[in-house]
Amino acid sequence: MKLSWGFVPTLKEDPSDAIMPSHKLMIRAGLVRPLAAGIYSFLPLGWKVAKKVMQIIREEMDAIGGQEFHLPALNPIELWEETERLRDFGDVIFRIKNRPLVLAPTHEEVICHIAKHHIKSYKDLPQIWYQIQTKFRNEPRPRSGVIRGRQFIMKDSYSLDASWEGLDKSYELHKQAYIKIYTRCGLKFFMVGASTGAMGGSASEEFMVESQYGEDTVVLCDKCGYAANTEIAQSNVPPAKRYPESQPLKEIYTPNVRTINELAQFLNVPTEILAKSLVYKHNGQPVLILMLGNDQLVEAKLLKALGGGEISPIEPEELKNLTGANAGSIGPVGLKNFKIIADNRLKDANNLISGANKDDYHIANIDMLRDVKVDGYFDLRKVEEGEPCINCGNPLRIINAIEIGHIFKLGTKYSEAMKATFLDENGQEKPIIMGSYGIGVERIIACHIEQNHDENGIIWDKSIAPYQVHLISVNTENPKVVEVSDKLYEKFNAEKIEVIYDDRLDVSPGFKFKDADLLGMPLQVIVSERNLKNNQIEIKVRKTGERILVNLEEVITEVKKMLEI
RNA sequence: CGGGGCGUAGCGCAGAUGGUUAGCGCGCUUGCCUUGGGAGCAAGAGGUCCCCGGUUCAAGUCCGGGCGCCCCGACCA
């Protein structure tokens, strides 16, 4: 491609509303343009990168026996009612106004629909079906350029198995394929245990890229390798104590004390004997949640403990009506018509202090066994930096990360709901056992740029660079330079080396160099008057800045060597 | 969905207390000139000042409403 006619609109200045380097650079280098919030147009250069990423994904999915589909983005709304996900997704699902259709945010339903009609026997299994397709999600807040959009490209695949062992195998195949895909795309990444969320299922893992801009927080142990999303992460923090003797309950006057810290200070006691009460509504019913001290509640854990459904913090007014007290004075003792669950750290503890359900009063010496009717203990707390690792005791680290892939063992949630069954060896009807696996294509591109850029621009890995070579002619007033450059361009093309050629006659050398660094092709081949005098051509490595001079006749050979092709 | 910010030329922005013909840099067009790190000179083109309504002799500017975009939070399959 020649820049004299190619559409590569580069920008000298950063777009004002971009924060992340990848967002700025994708726009400045002419890869994408915003159309609306969370909606981007891919321009030729960006689309070329996307196609390379998709090709890598395709090759690795094919290698594990995946079969590529192309499923419709428009789905009948009934399909989504069958699995109740129309309700579960809520406003996130785009609905079509003039037909009973929705824009699919993912494709478990369609896969099940096909499987239901065509998978009849255990002999038809296993299957791995995948597609690379545009997904639609009405995100409440798109952000970070292409990283969270309302429309995005996703590789989604689905495994269909006759047994749980089969699912394990399909899951493992995907895990290995994903490792290869991200490695080939030149990403530094890691895996964490993750929450299955509303997708359901028994287990899931996420592929993560460390980034200060990441929307996820993950807990890492540098010693034993423990890694988990904070949505499920646990640590080895000590539980609250159980003293030999439980003191009698005692009401204490605590004027204007609202928070745990204020309470600890007011009573001059450690936070480890204080039980914090939170009230949520679960499917419309109030639930009291007891946490130790200043422990933070993880809503994903709470949702899991409650078995799914809808949860939200209770409104202050309703809280007052139900308990007679305001937040800050709520407690488990004497509370009626509330489901009460507690964090594991509080199990069997005694001599605790919590709210009295009366403003400005707390109750001391609460014994979880004697005074509280607990409906269950669960891990509900957020792990904090420096707490001992659950496996080895080493202090844990907490970092932000961007999720670039997620793999789920779904089980039979969808096949049961949609009656996608098969006959097993004994002629018994069984639901198909499913797995679901996703990769965000734009996120791979954005994360690659996050990890590979400098103050001048992008530094592409050759595996997904739009072009391998950026050919530059400087001193175009010299006909010899133009002639040699043109010939080199033809030669690169003949040799099937992808080349973008800055053949513009009216652009100064400095401008071309800046553009080349911004676009970030792995090698720059520079044809100039001063080097041509000695029959030499300059090759610059974008990543290292290293420059070498080679004889004109050796350029192609040298470039091939440097690109290892 | 809560909180904050912004909306003026393709992009980045300036336009106190309302007051002529709305500016600046970059980019764009034409000409001259220039060619190793985003050159220079000259002449140009380009505007629904986000939209609707109001106040006023007069609104980019003040008031009301709406829309859009960004950021923080909530949510995130």
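Here the structure is a predicted model, which is why all the values come from computation and not from measurement.

A. Just helix H16 (residues 555-563), in detail. When we look at burial in H16, the residues that qualify are Val 555, Ile 556, Glu 558, Val 559 and Leu 563. Looking down the long axis of H16, one finds its buried residues gathered within 165° of arc, a one-sided arrangement. Set apart from the buried face of H16 by more than 90 degrees, the exposed residues are Thr 557 and Lys 561. Looking at the packing, one finds that the buried side of H16 touches strand E27 (469-473), helix H13 (479-494), strand E29 (523-527), strand E30 (536-541) and strand E31 (547-551). Downstream of H16 by one or two residues, Glu 564 has phi in the positive range, about 55°.

B. The arrangement of the state of the cysteines in detail. On inspection of all chains with the given rule, the structure shows 0 disulfides. Between Cys 185, a cysteine without a disulfide, and Cys 447, which holds the nearest cysteine sulfur, the sulfur-to-sulfur distance is 11 Å. Classification of Cys 185 as buried rests on a relative accessible area of 0%.

C. Inspection of the sheet that holds E31 at higher detail. Spatially, E28-E27-E29-E30-E31 is the arrangement adopted by the 5 strands of the open sheet, whose pairing is mixed. This sheet does not close on itself; its edge strands, each paired only once, are strand E28 (499-502) and E31. On average, each strand axis in the sheet is inclined to that of its neighbour by 25°, with strand direction left out of account. Relative to E30, E29 runs antiparallel, the two being bridged by 4 bridges. Note on E30: the bridge partner recorded for Val 525 is Ile 539.

D. Just the pattern of salt bridges, in detail. Going through the model one piece at a time under the given rule, you end up with 39 salt bridges. Linking Arg 148 and Glu 139 is a salt bridge whose minimum nitrogen-to-oxygen distance equals 2.8 Å. The class of Arg 148 is partly exposed, set by a relative accessible area of 22%. With a closest N to O distance of 2.6 Å, Glu 495 and Lys 560 form a salt bridge. Residue Glu 495 is found in the loop between H13 and E28, and its partner Lys 560 is found in helix H16; the two are separated by 65 residues along the sequence. With relative accessibility at 37%, the residue Glu 495 sits in the partly exposed group. The partly exposed category is assigned to Lys 560, whose relative accessible area is 27%. Here the salt bridges do not stand alone but share partners, grouping Glu 139, Arg 143, Arg 148 and Glu 215 into one network.

E. Seen up close, the sheet that holds strand E14 (residues 275-282). Reading across from one edge, E16-E14-E15-E17-E20 is the order of the 5 strands in this open sheet, with mixed pairing throughout. The open sheet has two free edges, formed respectively by strand E16 (311-313) and strand E20 (376-378), since each of these has just one partner strand. In this sheet, neighbouring strand axes are inclined to one another by 35° on average, regardless of whether the strands run parallel or antiparallel. As defined by bridge partners, strand E15 (residues 285-292) adjoins strand E17 (residues 339-343) across 4 bridges and the pair is classed as parallel. Counted as the bridge partner of Ile 289 is Ile 341 from E17.

F. Representation of helix H6 (residues 164-184). Compared with an ideal rise of 1.5 Å per residue, which puts 21 residues at 30 Å, H6 spans 30 Å between its outermost C-alpha atoms and is within 8% of the ideal. Within H6, burial applies to Gly 166, Leu 167, Ser 170, Tyr 171, His 174, Lys 175, Ala 177, Tyr 178, Ile 181 and Tyr 182. Positioned one or two residues after H6, Gly 186 has a phi angle of 75°, which is positive.

G. The arrangement of the domain arrangement of chain A in detail. Domain assignment breaks chain A into domain 1 (25-233 + 398-449), domain 2 (250-378) and domain 3 (467-563). Here the C-alpha centre of domain 3 lies 69 Å away from the C-alpha centre of domain 2.

H. Quick peek at the protein's contact with RNA strand B. What surrounds RNA strand B is a group of 43 residues, the closest being Phe 89, Arg 148, Phe 511, Ser 528 and Arg 547. Protein-adjacent atoms of RNA strand B, using a 4 Å cutoff, are sugar or phosphate at a proportion of 47%. Contact between RNA strand B and Glu 13: a base nitrogen at 3.3 Å from a side-chain N or O atom of the residue. For RNA strand B, a base oxygen lies 3.0 Å from a polar atom in the side chain of Asn 531. Those elements that provide at least two residues to the surface near RNA strand B are helix H4 (85-89), helix H14 (509-519), helix H15 (529-532) and E30. No other element matches H14, which puts 8 residues into the surface near RNA strand B.

Definitions and limits used
Residues numbered from 1 in each chain as written. Chains lettered and ligands numbered in written order. Predicted model: local features only at pLDDT ≥ 70, side-chain atom pairs only at ≥ 80, totals over all residues. Heavy atoms only, no water. Buried < 20%, exposed > 50% of the residue type's maximum accessible area, 1.4 Å probe, protein only. Helix = DSSP H or I, 4+ residues; strand = E, 2+ residues; numbered from the N terminus. Arc of directions from axis to C-beta. Contact = heavy atoms within 4.5 Å. Disulfide = S-S within 2.5 Å. Pairing = 2+ DSSP bridges. Axes fitted to C-alpha atoms, helices over the stretch in contact; angles between N-to-C directions. Salt bridge = Lys/Arg side-chain N within 4 Å of Asp/Glu carboxyl O. Expected span 1.5 Å × (residues − 1). Domains from an automatic or database assignment. Near = heavy atom within 4 Å. Polar contact = N/O pair within 3.5 Å; in protein donor to acceptor, adjacent residues only side chain to side chain.

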